[in-house]
Structure formats: structure tokens, C-alpha cells
Protein chains: 2
Amino acid sequence: MKIGELSRRTGVSVRMLRYYEAEGLLAPQRTDSGYRDYGQPEEETVRRIKMLGAAGMTLETIQQLLPCVRNNDPEFTPCNNLRRILAQQVSLIDERIETLSQSRKILAGYLSSVN
Amino acid sequence: MKIGELSRRTGVSVRMLRYYEAEGLLAPQRTDSGYRDYGQPEEETVRRIKMLGAAGMTLETIQQLLPCVRNNDPEFTPCNNLRRILAQQVSLIDERIETLSQSRKILAGYLSSVN
DNA sequence: CTTGACCCTGACAGTGCTGTCAGACCCTAC
DNA sequence: GTAGGGTCTGACAGCACTGTCAGGGTCAAG
């Protein structure tokens, strides 16, 4: 399918689909006239990218993870890092939550002092 | 005092002190030769900016808040918005925390599925 | 009067996307 | 064969800072 259709099906903008490719997350075939030609696997990849992105991951991080998630066997050889990266992301999120909670406390303090 | 000293005393980089000014948060006097000349009030303002910034607020938001915090009477007339802005910021933070928690859940799910 | 530390302005870079526009080609249908 | 819609690449813009560099004044001390 062409880029417009994939965009419609996944809800990811055409712009971002091209960006994914530029960042090495996607490598669709090309038609003779140079149009990007996506298949089912690509569509699934896009959906996975969406999920991981929704989890707050950077495209760069997602790229590291993709080869692991792409097939359904997470134990696949090149994925020794999978657990490590995921765990790292979780603690990164924990850090951010901690910072925000701190901020919240400060603001709430201001707020109550204004009565 | 000159900008270098203020920077040393507050821990805010010279670059950022100039940026604060460009954004209208600070308006130091100038010496005849054009040097910025900060006084005690400015130093305190910078400390307040730091605090609010640490609470995750945008400089733009801080600017709205500054005239209220500048003096010690939070009930001062032009500050009807103070409570509103603060409350707004708090709920904004709550939103962000919520999103992150969601992300955390997704990632933790992945993580446990890898066993 | 020169040196060295400090200050000035203006501008470019980088982050991590995301939109938008320009100029040009492709394709289908009428 | 031409109109309309889709696609291509490349580039600029914006967010909210933050660092750094260039080119050029200022000032106090020796």
C-alpha cells in the first residue's frame, strides 16, 4: 500500500512515516516510480512504534528495541539488551515521576500559602 | 553587581540571566558603559525564578506569576490570577504524572512478558 | 600603556519531534 | 490531454531552553 493509505490505517501522519524511515525504523519497498510501498509487516511495525512511543520512548530507543519486538520470540539471540533497555526506561520514567511529584509539592505549597 | 557575580551567587548561568531579561522577567539597570547592573531585588527575583522553574514551570508562566510573588502580599490587586494559574499548573503536572504512569505500566507489562 | 578578566550583542547549534510549503513527478479518469 | 489527487525530496519553522563562538568594548592593576 502507499503512504497515504498506511497513514489512514495507522493514524500516523505521512510526515512521521517518512521520518520513521529517515531514522531507520522502517524500510519500505519502492515502486518503479519511486513511491514507497508498504506491506503488512510494515504496518505492524508502525503499530509497534506507536505503542512504544506512547510509552514515552524516544525513536532512537525504539529503534534499539524494534529488532527484538519484531518477531514473537523475545528470547531471540540479538536481544540480550531487551530487558536491560526496558528496565532502564522504567527507571527513567520513575525518575521523571519523582521530579514531577516534587514540583507538584512545591506548587501545592505555594497554592495553600495563598489561601 | 555585575552579571558574573550574580551568576556566581545564584548558580544561574550568565547566558540564562540574559535570557531572562530578553523574555521580560528581569530589567536590570545599565551602567554608562552598558553593563548590566543588578541589585538585591533582582537577585531575589532570580531566586524566585529558579524555584518556580524547579517546579516545572515555563518562563512564560513564571512571567505571569512574578508580579504576584514579587512582593509579600499575595492578595495584591493585579493577582487575581495567581490561584488560578497555580491550580492550573498543578493539574497540568497531575496530567503529566498520569501519562507517565500509563507509560510505566505499558513498559512494565512488556518487561514481565519477557520474563 | 598593555595585559587579562569581564562584559556586550548577535547568531548558530542541538534536542525530538511535527507541521507546512515549494517545486516537481506520477497516475487515474474523464 | 488535462485536471485533480497523491507522492517525491528538501528545507524552514516552532517549542523552551542552553551552550558556545565571534568580534569588539570596558576596566582595574601593574
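Procedures and definitions
Residues numbered from 1 in each chain as written. Chains lettered and ligands numbered in written order. Predicted model: local features only at pLDDT ≥ 70, side-chain atom pairs only at ≥ 80, totals over all residues. Heavy atoms only, no water. Helix = DSSP H or I, 4+ residues; strand = E, 2+ residues; numbered from the N terminus. Rg over C-alpha atoms; globule rule 2.2 N^0.38 Å. Buried < 20%, exposed > 50% of the residue type's maximum accessible area, 1.4 Å probe, protein only. Contact = heavy atoms within 4.5 Å. Areas by Shrake-Rupley, 256 points an atom, 1.4 Å probe, with all protein chains shown as cover. Axes fitted to C-alpha atoms, helices over the stretch in contact; angles between N-to-C directions. Left-handed = near helix turned anticlockwise from the far one by under 90°. Nonpolar A, V, L, I, M, F, W, Y, C, P; charged D, E, K, R; others polar.

A word on the overall build of chain A
Right, on to step 1. Counting its secondary structure elements, chain A contains five helices and two strands.
Right, on to step 2. The helix and strand sequence of chain A, counted from the amino end, reads α-α-β-β-α-α-α.
Right, on to step 3. Computed over its C-alpha atoms, the radius of gyration of chain A comes to 19 Å, more than 25% above the 13 Å expected for a compact globule of 115 residues.
Right, on to step 4. Projected onto the principal axes, the alpha-carbon positions of chain A cover approximately 70 × 35 × 20 Å.
Right, on to step 5. Burial statistics for chain A: of 115 residues in total, 37% are counted as buried.
Right, on to step 6. The long-range fraction of contacts in chain A, counting pairs at least 24 apart against all pairs at least 6 apart in sequence, stands at 45%.
Right, on to step 7. As displayed, chain A has an accessible area near 6900 Å², and 49% of this comes from carbon and sulfur atoms.

What to know about the environment of Ile 85 of chain A
All names here are of chain A.
Right, on to step 1. With respect to the secondary-structure elements, Ile 85 resides in helix H5 (residues 81-114).
Right, on to step 2. In the structure, Ile 85 is positioned 23 residues away from Ile 62 in sequence and 9.8 Å away in space, judged by C-alpha atoms.
Right, on to step 3. The contact partners of Ile 85, leaving out residues within four places of it in the chain, are Thr 61, Gln 64 and Leu 65.

Re the packing of helix H4 (residues 59-69) of chain B against helix H5 (residues 81-114) of chain B
Residues and elements named next belong to chain B.
Right, on to step 1. Taken N-terminus to C-terminus, the directions of H4 and H5 make an angle of 140°; their axes are 10 Å apart at the nearest point. Judged by the twist between their axes, the crossing of H4 over H5 is left-handed. Residue-level inspection shows Thr 61, Gln 64, Leu 65 and Cys 68 of H4 in contact with H5, the latter providing Leu 82, Ile 85, Leu 86 and Gln 89.
Right, on to step 2. Its residues assigned to classes, the contact of H4 with H5 shows five nonpolar, three polar and no charged.

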